[in-house]
Every structure is written in structure tokens, then in C-alpha cells.
Amino acid sequence: MNTFSKVITALTILKIISASPVQLPFHPPPSKLEPPLLSANFSSTVEKYLSDFFVPGLSIGVFKGDQVEFAAYGSAGEGRNKIGQDTLFGIASNSKAFTAAAVATFVDSGRLNWTSKVSSVIPEFELPPGLGDPNIIDILSHRTGVPRLVVWSQLFHSQVSYTTNSAFSEQLNLKVFILVFRHDHSYRPGGSFGDFVGRIKHLTPSADFRETWQYNNQMFITAAYLVSHLSNQSFTSYVTERIFTPLNMTSTSFRPSTSNPNLSGSFFTMMNGSTLEMPYGFDYFGQDLEIVSGAGGVVSNARDLVKWVKFLAKARNEAIHPSSKTNSSDKTEFPISPASILVMSSAHSILAPLSVYPEVSTITYGLGLSLFSYQGKEVIWHGGSIPGFGTQIGWSSDQNIGVVALCNTAGTGNAVSDMASYLAFEELLGLKHVDWESRYMGIAEAKKGNNTAKLSQLRDLSTTTTTSSPDSPFLPLSKYYGTYENLGYQNITICPVPTPTSSSTAPQPLACETVYTSLSGALPATPVPPIGPQDLLIAHPGYFGQSYILLTYKTYTTYVGSYGYIYGPAGGRKESVFGYEGFGDVEVEFVLEGERVKGMNWKGVWGPGPEVEMREIKEGRTVVEVSWEKVAKGGWEAE
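Residues numbered from 1 in each chain as written. Predicted model: local features only at pLDDT ≥ 70, side-chain atom pairs only at ≥ 80, totals over all residues. Heavy atoms only, no water.

J.: So what about the overall build of the protein? Which residues, and what values?
T.: Per the secondary structure count, the protein includes 16 helices and 21 strands. Taking as baseline every contact in the protein between residues at least 6 positions apart, the subset at least 24 positions apart corresponds to 70%. Element-wise, carbon and sulfur atoms account for 53% of the exposed surface of the protein, whose accessible area totals about 23500 Å². (Helix = DSSP H or I, 4+ residues; strand = E, 2+ residues; numbered from the N terminus. Contact = heavy atoms within 4.5 Å. Areas by Shrake-Rupley, 256 points an atom, 1.4 Å probe, with all protein chains shown as cover.)

J.: Give me the lowdown on the packing of aromatic side chains, citing residues and values where you can.
T.: A complete count under the given rule lists 29 aromatic pairs for this structure. Relative to Tyr365, the ring of Trp213 has its centre 5.8 Å away and its plane inclined at 50°; by these criteria the two rings are tilted. Residue Trp213 is located in the loop between helix H7 (193–199) and helix H8 (217–231), and its partner Tyr365 is located in strand E8 (residues 363–365); the two are separated by 152 residues in the primary sequence. Residue Tyr365 is classed as buried on the basis of its relative accessible area, which comes to 0%. Among the aromatic residues, those joined into a ring-pair cluster are Tyr357, Phe372, Tyr374, Trp381, Tyr422, Phe425, Trp436 and Tyr440. The ring of Phe70 is capped by Arg303, whose NZ or CZ atom sits 5.9 Å from the centre of that ring. In this structure, Lys310 packs its charged tip against the face of Phe63, placed 4.8 Å from the ring centre. (Phe/Tyr/Trp six-rings, centres within 6.5 Å; stacked < 30°, edge-to-face > 60°. Buried < 20%, exposed > 50% of the residue type's maximum accessible area, 1.4 Å probe, protein only. Lys NZ or Arg CZ within 6 Å of the ring centre and 35° of its normal.)

J.: Report on the sheet that holds strand E11 (residues 389–396), specifying residues and quantitative values.
T.: With antiparallel pairing, eight strands are arranged side by side in an open sheet as E2-E1-E12-E11-E10-E9-E8-E7. In this open sheet, the two edge strands, each paired with only one partner strand, are strand E2 (67–74) and strand E7 (349–352). Taken over all neighbouring pairs, the strand axes of this sheet differ in orientation by 20° on average, direction set aside. Sheet analysis places E7 next to E8, joined by three bridges and oriented antiparallel. Considered in E8, the bridge of Ser349 is made with Tyr365. (Pairing = 2+ DSSP bridges. Axes fitted to C-alpha atoms, helices over the stretch in contact; angles between N-to-C directions.)

J.: Account for the side chain of Thr483, naming residues and giving values.
T.: Among the structural elements, Thr483 can be located in strand E13 (residues 482–486). Classification of Thr483 as buried rests on a relative accessible area of 18%.

J.: Explain the packing of H8 against helix H10 (residues 286–296) residue by residue, including any values.
T.: The N-to-C vectors of H8 and H10 enclose an angle of 115°; their axes lie 7 Å apart at closest approach. With respect to each other, H8 and H10 are oriented roughly perpendicular. Regarding H8 and H10, the two cross each other, and that crossing is right-handed. Here Asn217, Phe220, Ile221 and Ala224 of H8 come into contact with H10, specifically with Ile291, Gly294 and Ala295. Here the contact of H8 with H10 is composed, by residue class, of five nonpolar, two polar and no charged. (Parallel < 35°, antiparallel > 145°, perpendicular 65-115°, else oblique. Left-handed = near helix turned anticlockwise from the far one by under 90°. Nonpolar A, V, L, I, M, F, W, Y, C, P; charged D, E, K, R; others polar.)

J.: So what about the pattern of salt bridges? Which residues, and what values?
T.: Scanning all chains against the criterion turns up 13 salt bridges. For Glu378, the salt bridge goes to Arg316, with nearest N and O atoms at 3.1 Å. Of the two residues, Glu378 sits in strand E10 (residues 377–386) while Arg316 sits in helix H11 (residues 302–320), which places them 62 residues apart along the sequence. Judged by relative accessible area, which is 9%, Arg316 ranks as buried. (Salt bridge = Lys/Arg side-chain N within 4 Å of Asp/Glu carboxyl O.)

J.: Please give an account of the side chain of Asn217 that cites residues and values.
T.: Along the chain, the position of Asn217 falls in helix H8. Polar contacts involving the side chain of Asn217 include one to the side chain of Lys96, which spans 2.5 Å. (Polar contact = N/O pair within 3.5 Å; in protein donor to acceptor, adjacent residues only side chain to side chain.)

J.: I'd like a description of H10, backed by residues and values.
T.: Within H10, nine of the eleven residues are buried, leaving the element largely enclosed by the surrounding structure. Buried within H10 are the following residues: Asp288, Leu289, Glu290, Ile291, Val292, Ser293, Gly294, Ala295 and Gly296. Buried positions along H10 lie against helix H3 (96–108), H7, H8, helix H9 (235–244) and E10.

J.: Requested: an account of the packing of helix H13 (residues 412–429) against helix H14 (residues 436–463), with residues and values cited.
T.: Direction vectors running N to C along H13 and H14 enclose 165°, while the axes themselves pass 10 Å from each other. It follows that H13 is roughly antiparallel to H14 by the angle criterion. Classified by chirality, the crossing of H14 by H13 is right-handed. Across the interface between the two elements, Ala415, Asp418, Met419, Tyr422 and Glu426 of H13 pack against Trp436, Glu437 and Tyr440 of H14. For the contact of H13 with H14, the residue count by class is five nonpolar, no polar and three charged.

J.: With reference to specific residues and values, describe unusual backbone geometry.
T.: Notably, Asn232 is not glycine yet its phi reads approximately 60°, a positive angle. Checked against the element boundaries, Asn232 lands in the loop between H8 and H9. Residue Asn232 is classed as exposed on the basis of its relative accessible area, which comes to 73%. Backbone geometry at Gln375 places phi at a positive 50°, although glycine is not the residue there. Mapped onto the fold, Gln375 is located in the loop between strand E9 (370–374) and E10.

J.: Got a sec to walk through the pairing of strand E18 (residues 558–567)? Specific residues and values, please.
T.: With ten of ten residues buried, E18 is to be regarded as a mostly interior element. Both faces of E18 are covered, namely the face carrying Thr558, Val560, Ser562, Gly564 and Ile566 and the face carrying Tyr559, Gly561, Tyr563, Tyr565 and Tyr567.

J.: An account of H14 is needed here, citing residue identities and associated values.
T.: Taking 1.5 Å per residue, 28 residues should reach 40 Å; H14 reaches 41 Å between its end C-alpha atoms and fits that length. Considered for burial, the residues of H14 that qualify are Trp436, Glu437, Tyr440, Ile443, Asn451, Lys454, Leu455 and Leu458. (Expected span 1.5 Å × (residues − 1).)

J.: Help me get a handle on the environment of Asn262, residues and values and all.
T.: Relative to the helices and strands, Asn262 is located in the loop between H9 and strand E4 (266–269). A residue is classified by how much of its surface remains accessible, and Asn262, at 28% relative accessible area, is partly exposed. Note: C-alpha distance between Asn262 and Thr87 (175 residues apart in sequence) is 4.8 Å. Not counting chain neighbours up to four residues away, the residues in contact with Asn262 comprise Asn81, Asp86, Thr87 and Leu88.

So this is what it looks like as C-alpha cells:
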């Protein structure tokens, strides 16, 4: 089978959709007597951001008091309406505040309180052994000890890691903008809500209960399941009924029609700066839709999200400074009580105790919201990233302002939405301008250099043979093929890697055939790791396109893995595309028992976090993050 040969040599022309930033006029302010909230310089600066970071489009909404303005730049993609305040984007983790708000409705009704134990409502929910019995605030403030994402960027405040050791912090600065893999890869389409929540207890923790802040999607999926359980209806219908409808967010949903002309295309920025349209990362049905929705499933536009942020700012301000003219129990005005919004927007864990930049304070985390001060002004803030979309929402009840920034790429789109949000805050509050673009550009260059270095290391592994690194694994490759089980991650299958010299026509397991078929004729969207004769492929289906792991042979029983993603046709492109991230980041050690492969251990899946890393260095050990037991032979074995 010559799949990889076809993939690697098929360097044909991809259909590229380039970003050409064109500004739409600002939405007129409510009164001609009011000066515009944002200046002409704002527009020219944002256009430069889009051009420099290769982002196709941005929609932005701002408010100050009762004054609201919208602006839009670039393109929503071929065949779609012109980008504007009604253009729909996947808002990714900015959905988390909606999930926390949905839970808050049960606090408001008296069916829960914030310290209620989650297991008292969902008996099948447990944390891994050795951790505690979390309450509602624990799971919504990322302090359970179960990891997801530990190092993303020192700039993306909603997902930043931290350390209290300054020397180690300098080391971490070398890692910024590097994606560290996580228990998100335990997601698997086709399961039920209850099954997903029930598997959490089988995941490996990386910290003690309430020891540290660790971003975690599984807990917000659990919160969505809790909402569904208490309401006796789907999570998505409950949020629509109790939050979207009362706030008149008429365009907001969890699964818009993909033929809606107001729905922006979703794009991937390649290393050469071109942008490639990709399938939507939220196009799920049934239980799969419910599972992803609580952590990052909302699809909305700037017009609706400004309504949401204005409500949050008003409710928080009402909780802090009650007004005799306001009826806080009026569900049409306050579908979630001001008291609950205050709990959501108050600090419950410390996200980053040390400030990397002088303009930004210590960062704390509420319930689906982070909090810090920017140049001395209150900011409540959260980012969102799924394949194809990067978003940022920031607001201040103290200043009665808010910013919504929505981009149609992830990664580079997150950078642009961050920079546009900072710039808007500066203009709305009359603050000094900070050159965030230079900082983000430095991060992008560091990421590019890091990927280049890791690819070079993989090439060295594939071509170098030394006496301490034999040129073949300890056992024949056929001994490694087969099915492996982890109760948290479910089953995966290790397959042969098809090469130009492959000639076997033997039937393969369905999981392997699915990956082979998807890769056949697919075109590379990122650099491709070198493929050697001793390498292996892990069929590892998951949400958001993640499909397999390419294992590069290292020594004896050790491999290093790169996550592979396959995205189907989109935007008129007929071919599928594939790409990689985290080149060689995952270390796989096979466990042998005589002439038999007993299982394997993974490290580098979620990254233990700086505090845990320091402890490991002191103790001279490394935590095994995922352990697998081999439960079935591959069709190729002759044992």
C-alpha cells in the first residue's frame, strides 16, 4: 500500500484563500453627538495585524456605556456574505462562561449551591484516585488536579501557565506558543455523555487536588452533563432557552446550518503564510454535539456577543453597587442573578501569580472567566480556540466597557483577536499604546524555529545509527501491531506505516484502513516528519480532525510521536489535507515481557506543568502520563 508515497509526493497546487483586509464602515453610534469609540488609527493598525499574521477576517464589537460600535475587516470566505457584525464564528472556549451561567441558574433556583459536590448530582463522576471530591466551583475554576493544557503562550492569558521560580520562568519563556498535548486527546466521537464523564476517573492527574490552576475541558463537559441531568433536557436546548432567548441572542446556537451565508469559513494558516479553508470543528450531531458544546461549542456573532457582555457587565455592577431602580429578580432582565455573575467573575484560583509584562497584573480565574488589571484597569477576559477560529472577549464592569474580537483562524487568529482587544481597551480608556505586535511576532518566530529544530531532530533519528541506538527495535515490528487499551482513552490500534516499498495486500484492522483511506491522495499542509523503515502509526481517532500519531523510532523500545490531523474537502477544494503538530513531543516506551509486547507508556501528552516539572527534577523522576495495555494482536502477528 503506497499511501504515504502518494501523500508525500502529491505536492500539487492547493486552493489557497488569501486574506485581503478590507475595512467595513463602523456601525454608526447611537447619537451623532457622540464621538466614535475607536479611531481611524485603530482600523489601520488592525488591518496591519491581519496582513502580518495572515488572518483572512476579523469582526469586532465594542461598547462603552450605552454606545455600541462594530467593525469588520477582510473576508469570511468564498461564497459567503461580506464579513460584518452578523457574521458567525465558532467562539470555542468563550463558550465556558455560558456553561458556568447555565449551572448558575440552578444555584439561583436553590437546587444547587456553589459548594455542592458534583458527585451528589452525578454519581458516576469521580476524579482519579487520590484526588478529592470536587464541588461546583472546583470544576469550573480549573483546580481539580486533572490537566488539559499547560503551556500555550505567556501572552494568551486565558490559557497561560505559571511558576513561582523566576529562573524556571525564564526557561518557560523559550516554550511559548508551543502546543503541549493533553487529555483532550481522550475525546472519542460516538460515545455518550455519561460514558465520557465516567471515564474521567481513569485519567492520570498531574497535580494534587486544589494545588494549582490547570486548564481542563473535561470539567466543563461534566458541568454541561450536570445541567442536562438537572434540567431533564439537552444541554444545548437548555442554554438556548434560559440564556440565548432571554438576552435576544437570536443568531446564536450550537450548530448553525453550514450553508448559512452568514457563517464564516474556517481557515488554517500554513507556515508559508497562506491560508487554507478547512471543515468546521463544530459540525457534530446528537451526543457528540452535546459533549463538545459545554467546553467550546457556541457559534455566535459580534452583535449577539455584545448583548451578552453588556449583560455580564451590568449584572456584575449591580451585584457590587445595587440600585434601588433595578429589580435583580426580574428574569427577563437578569436570566442569571447578579449574585451568581459576581461569583463567576470573582477569583477562585490563581492562573499566573507572576506578571510577564509590566502592563499586566497577576492573573486569576473565576468560573469560565479570567481576571487581571491592564495598565491599572480592571479586565475580565477569556480567549477561545478551535480549529478554524480564534476569539477574544474582554470587559470591565468597573469601566462599563467591553470588546468582542472574532477571527476565522486559530493560532494566528488568537494573536490578532488578542492584539485588537488590547488596542480597543487602550482607546476606550485612553491608555498608552503597547506594541503587542512585536511581542506576538517574536512568539511566532520562536514557534517556527522550535518546529524547525524538532523536525531536524526527527530527521537525525531517521538517518543516524549508532552503537547505543540500534537501527531496529528490540522485537520485530509485527510484535508491536495490535490493539491497546486505556480506560480513560479507550482503545487505539498500532498499524504499519505504508511506505513506497510496501507491497502487502493483507487485510488491516478497520481503524488502520480508515486512516490509510483518509490519507490517500491527501495533500500536506505542514512539514511532514521523515518516515523510516522502523516507524509505526497509531490510529487514534478524536474530535477536531485528530486521527493518528506517527511514531518515529528512537532506540530499543522507545519512539517519539507527532500528532497527525486530517481535514476533508472544504471551500471548493476537493482534496483532503493533513498536517502535524508537536513534532516528536510524545515519548512512547513499550513494555516488554519476554518476546511479547505487554503495553506502552506515554509521556509528553499533557505536560505536567511547571510546578510538577520542578518537583520531578528535584526527585529525579518523570510521571508516566498514559499507560496502555495490549489487549489484542494485530492481524499481522504470528504469535
